[in-house]
Every structure is written in structure tokens, then in C-alpha cells.
Amino acid sequence: MGRKYRTRPSGVLLIDKPKGISSATVTNRIRGRFLLNKVGHTGTLDPEAAGLLVVCLNQATKLTPFLMDSRKTYRVEMNLGVVTESHDMEGEILQESEPVTDPEAVRAALESFVGGYEQLPPMFSAKKKDGTPLYKLAREGKSVERDPVPVEIYALTDFSMDGRVASFTVETGKGCYVRTLCHDAGQKLGCGAAMSSLVRVENGGFSLEDAVSLDVALDRKYDGLSEILLPLSSPTIPLPVFTVDEETEDELFYGRPLPRYMAEQITPAMDEQVVGKPVRLQNEEEKLVAVMELLHEPATWAALPEEEPVLKILRGFDPRES
């Protein structure tokens, strides 16, 4: 009798992370519970932050670099009149003063950062200095020089005030520390501020409304895990997806460059909107085959030499494990 193999679960798992545990703890528990080879996530949440954590299993970890750049949306609460070493209320209080409680002044200070600015990463962060995470140095009582990092603030909405607490929703780009945004707004106001609550509600095309709790995920049996996984070809994943025929799939599976006539069957469905951006290619069974980048607009192909590459493989996938 032949050996029976089980398909390894690959896909995206949306977890509603509770406060009090790290993002690494979430992935480690999922890895251990289901005996998975590869588990990762697309953006760390601090232990005291809650909300959407996008977890990638097995082959889906190949998508992580393309999902890390996605916009993220948070619901935030900020205490005015206090400065802490970590820029949130978990850190040691360094300064207290009379808070600014004029809603328009606080809103204006926050909105002044919309559009992007140079943000100095906090010492209590996973950023590294000479290979050592800053938070490890901070725990040793050390403070080192850091370089400001350009960050994007796309929108700030739903602002309200209750005494010394400001609440708002903010949409950010990659690498932005929301607690540092709160700190910087407090510095602009002159009274200081520290983040007191953070809940991630969106990450790219994913929503907290579609997430399951960590306990619910861990209660699943191995064979039932696929029922709460988004497949690699899911339209929810924020990368355009196109279908290829069986012959093209074979070329991609073996890592061979696509002949021009094969590439031409894909690109009419593409346009200049996806040039230079990753796109997913799936087979006729809706199994992911590759992530590729379109190097040229289809309209320019006629002017290119035959040997000029038009598609570049960024990641290959084995559809038998999807």
C-alpha cells in the first residue's frame, strides 16, 4: 500500500491578536499547534497593541515581502500631558504637564503630519543598530543615535476628544510607529502625549472584521485549518491575479523564462497600472503558480527586441501544495 500524503496547508490566516502577547508568540503557537514548517506575518503589532495580524502559512510566506508594503489602518487613543520613554503608556513616565484639551489644536497638531514626515524611531522598537534591536539596548539603559526614517501618513479621520484623551483613526504606510506619531504631536503641542490604545483594523486588502481569535484558530483540527485560510489565489489578497494555460504553467513551474507568445496571452489583461508591480499568476484550477513583475507596457512590446525580457519571475510556487 502506498504512503498517504497530506497536502500542507498554505494560505493567509487573519488573526485578531489580543493584548498582552507578542506577534512572534502568535506565530509560534500556530506553528507548534499545526506542526508547520513556515509561518510568518506581514507587520508586527506591539504586545500591548491588538487587532489584525496577517499570518502567512507555508507557501504563503513567499508573499510576505509583497504584503509588507501595504497600507495599514489603526484606531488610536492618545493621552495628552505625558511623555514616556516608549511613547506609549507602558513605558516609564519622563514628564507630566497640563494637557492641551482644545480639540481643534490637538486635531491640527495631528493633521500636520498627514502627507509624511521624517520620523525618529523610538528606542523601544525592533529597529536594529549594528545588528542589535533597539529595544534590547533600551532595556540595558542605553540610548543610541538613530537616523530619521521617512514615513507616510495617508489619512487621519474620526477625531474626537474626551478630557485629556484624543481618539482618531489613522492610515499609515510601511515602517510608521503610531506611538511615535502621538509623541511627535505632543511635542508640537508643547504638553507631551503618549499612545494609550492601538487596534489595527485594516492591513492592505484585509479587514479585522474577517479575522478570527487566536483561541478559535488553535481549537481547529489540522484538517479543519483550511476552512479559515484564505487561499493563495484569493481576490482579497491585494495583488492582481491572472490565469495562465497549462503549457505556460509548465514553463513557470520549471523556472524557465516565458517565450514571447506565452507572455502575450497574459499581458493583454494587464495595463500600465501594474507595470513594475508584483502580480499573481494562477493556473486554470485557481492554484498560484508564480508572482511576476511586468517590466514593460504591452503597447511597447512591438518595438522591443525578441530577446528583451517582458516578465520577471519574483517568486515561484508549487501548485500541488496550494
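Just above, that's the structure.
For the structure given in this document, a descriptive report is provided here. (Residues numbered from 1 in each chain as written. Predicted model: local features only at pLDDT ≥ 70, side-chain atom pairs only at ≥ 80, totals over all residues. Heavy atoms only, no water.)

Structural notes on the packing of aromatic side chains
Point 1. By the definition in use, this model includes 2 aromatic pairs.
Point 2. Here phenylalanine 113 and tyrosine 117 contribute two aromatic rings whose centre-to-centre distance is 4.6 Å and whose plane-to-plane angle is 55°, an arrangement assigned as tilted. Of the two residues, phenylalanine 113 and tyrosine 117, neither departs from the other in class, the shared state being buried.
Point 3. Each ring, one from phenylalanine 253 and one from tyrosine 254, has its centre 5.1 Å from the other, and the planes form 90°; the classification is edge-to-face.
Point 4. Overall, phenylalanine 253 belongs to the partly exposed group, its relative accessible area being 32%.
Point 5. Looking at tyrosine 254, the relative accessible area reads 57%, which means it is exposed.
Point 6. Residue placement shows lysine 62 over the ring face of phenylalanine 317; its charged tip is 5.3 Å from the ring centre.
Point 7. In this structure, lysine 188 is placed above the aromatic ring of phenylalanine 113, and the distance from its NZ or CZ to the ring centre is 4.9 Å. (Phe/Tyr/Trp six-rings, centres within 6.5 Å; stacked < 30°, edge-to-face > 60°. Buried < 20%, exposed > 50% of the residue type's maximum accessible area, 1.4 Å probe, protein only. Lys NZ or Arg CZ within 6 Å of the ring centre and 35° of its normal.)

Examining unusual backbone geometry
Point 1. In the Ramachandran plot, histidine 87 falls in the positive-phi region, its phi being about 70° despite a non-glycine side chain.
Point 2. Inspection of the secondary structure puts histidine 87 in the loop between strand E5 (82-84) and strand E6 (93-96).
Point 3. Phi at glutamate 286 is positive, roughly 65°, even though this residue is not glycine.
Point 4. Assignment of secondary structure puts glutamate 286 in the loop between strand E17 (278-282) and strand E18 (288-294).
Point 5. Judged by its relative accessible area of 53%, glutamate 286 falls in the exposed class. (Helix = DSSP H or I, 4+ residues; strand = E, 2+ residues; numbered from the N terminus.)

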